[in-house]
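# Coordinates in review
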Amino acid sequence: MELVSENRVAGGWHRRYRHQSQHTQCDMTFAIFLPEQVDNTQPVPVLYWLSGLTCTDENFMQKAGAFKRANELGIAIVAPDTSPRGEDVPDDPQQSYDFGLGAGFYINATQAPYDKHYQMYSYVSEELPALIEQQFPVSEKRAIAGHSMGGHGALVVGLKNPSRYCSISAFSPISNPADCPWGKKAFSGYLGEEHKAWLAYDACHLLEHSKDSLKVPVRVDQGEADQFLDEQLKPEALVKSAQAADYPLTLTMHPGYDHSYFFISSFIDAHLDFHAQYLK
């Protein structure tokens, strides 16, 4: 790993690293916040944060205001990039914001030319946690959270790996990507036109088929003034699927809040407190 930058913050450390990924076959950058407890070589649990469309590791770390509470709780935060990057990594030919670079959707692509690099599901769920646990003084206690596309990613990664995560949370997630414009575009481009393949990365479908599996507690927060609420996010579908499976999911709607980091920064402490219940 190559250390890109480091800053002292809220009693702990914020560091950015670059490393060669086996799954995405390119250099990947991630950021990590390490609370002050690690100065005493005390292993701490980790919250993985997945960001949304057009974002990098920097958006959450610079805008969410999570460090002070994370330090108080003794929780490390890891934020990966949202897609592979590099000259050899294919982008959307139309260069739109919702596909290609910055829009990996946390799935494993099967369609050329994206299948070589766009293996974000395996990177986030397997390679990155293994690297973090090898290189940093952290425990094997993990939680996962995200926003928008990253909220979709957090739900999918957490629901597909219930024994590896203590808790899941999401701000404004793309709840039913197999049935919304963003998801349909990404899934058809990365996975092909076979709808059955899409369902493996759809949180609503995963919830509906979770009746006999280990259930991980889920918290979802959604702004009522979100400009993408009705067409893209569809939280009501998520709640319906959770109720059908008797899954422990709580949705809280917030009047006046939109899709931005103003919303995330307003409630990030509550999400950290939620995860702390299970990580400790």
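Everything numeric here is computed off the predicted structure, so don't read it as measured data.

## Describing the overall build of the chain
Along the chain, the regular secondary structure elements total 10 helices and nine strands. Here the C-alpha atoms of the chain give a radius of gyration of 17 Å, agreeing with the 19 Å that 2.2 N^0.38 yields for 280 residues. Each principal axis of the C-alpha atoms in the chain carries an extent, and together these give about 50 × 45 × 35 Å. Going through the 280 residues of the chain one by one, you find that 60% of them count as buried. Long-range pairs, those at least 24 residues apart, make up 72% of the contacts in the chain with a sequence separation of at least 6. Carbon and sulfur atoms make up 46% of the accessible area of the chain, which amounts to about 11,400 Å² in all. Between the averaged position of the 22 positive side-chain charges in the chain and that of its 35 negative side-chain charges there is a distance of 4 Å.

## As for the pairing of strand β4 (residues 44-50)
As a general feature of sheets, a regular strand has side chains that alternate between the two faces. The buried count for β4 comes to seven of seven residues, which makes it a mostly enclosed element. One ladder, built from six bridges, connects β4 with strand β6 (residues 138-147); its direction is parallel. Looking across to β6, one finds that tryptophan 49 is bridged to alanine 145.

## Points about the layout of surface pockets
Of the voids in this model, the largest pocket is the one considered here, and its volume is about 160 Å³. If you go around the largest pocket, the residues you meet are Gly52, Leu53, Thr54, Cys55, Tyr97, His147, Ser148, Trp182, Phe228, His259, Ser260 and Tyr261. Taken together, the residues of the lining of the largest pocket sort by class into six nonpolar, six polar and no charged.

## With respect to the UniProt feature "active site" (unreviewed entry) in the chain
UniProt marks Ser148, Asp226 and His259 with the feature "active site" (unreviewed entry), using the numbering shown here. Sequence-wise these annotated residues cover 112 residues; spatially they are packed, their C-alpha atoms never more than 10.8 Å apart. Considered against the largest pocket, the annotated residues that line it turn out to be Ser148 and His259. Judged by relative accessible area, histidine 259 falls into the buried class, the value being 10%. What histidine 259 contacts, discounting residues up to four positions off in sequence, is His147, Ser148, Ser172, Asp226, Gln227, Phe228 and Leu233.

## As for helix α10 (residues 261-279)
Where α10 bends most, the angle comes to about 50 degrees, and this point is phenylalanine 267. Taken as a whole, α10 has its buried residues at Tyr261, Phe263, Ile264, Phe267, Ile268, His271, Leu272, Phe274, His275, Ala276 and Leu279. Looking at where α10 begins, the residue whose side-chain oxygen comes 3.2 Å from the main-chain nitrogen of phenylalanine 262 is serine 260.

## Things to note about unusual backbone geometry
Residue proline 113 is reached from alanine 112 by a cis peptide bond, and omega for that bond is 0 degrees. Position of proline 113 relative to the elements: it lies in the loop between β5 (76-80) and α3 (120-135). For phenylalanine 105, which is not glycine, the phi dihedral falls at a positive 60 degrees. Judged by relative accessible area, phenylalanine 105 falls into the buried class, the value being 0%.

Parameters and conventions
Residues numbered from 1 in each chain as written. Predicted model: local features only at pLDDT ≥ 70, side-chain atom pairs only at ≥ 80, totals over all residues. Heavy atoms only, no water. Helix = DSSP H or I, 4+ residues; strand = E, 2+ residues; numbered from the N terminus. Rg over C-alpha atoms; globule rule 2.2 N^0.38 Å. Buried < 20%, exposed > 50% of the residue type's maximum accessible area, 1.4 Å probe, protein only. Contact = heavy atoms within 4.5 Å. Areas by Shrake-Rupley, 256 points an atom, 1.4 Å probe, with all protein chains shown as cover. Lys, Arg positive; Asp, Glu negative; His and termini not counted. Charge placed at Lys NZ, Arg CZ, Asp CG, Glu CD. Pairing = 2+ DSSP bridges. 1 Å grid on protein atoms, 1.4 Å probe; cavity = no way out; pocket = protein on both sides within 12 Å on 5 of 7 lines; lining within 4 Å. Points joined across faces, edges and corners; volume = space filled by probe spheres on them. Nonpolar A, V, L, I, M, F, W, Y, C, P; charged D, E, K, R; others polar. UniProt positions renumbered as here; feature names shortened; annotations may be inferred. Bend = angle between axes of the 7 residues up to and from the residue. Polar contact = N/O pair within 3.5 Å; in protein donor to acceptor, adjacent residues only side chain to side chain.

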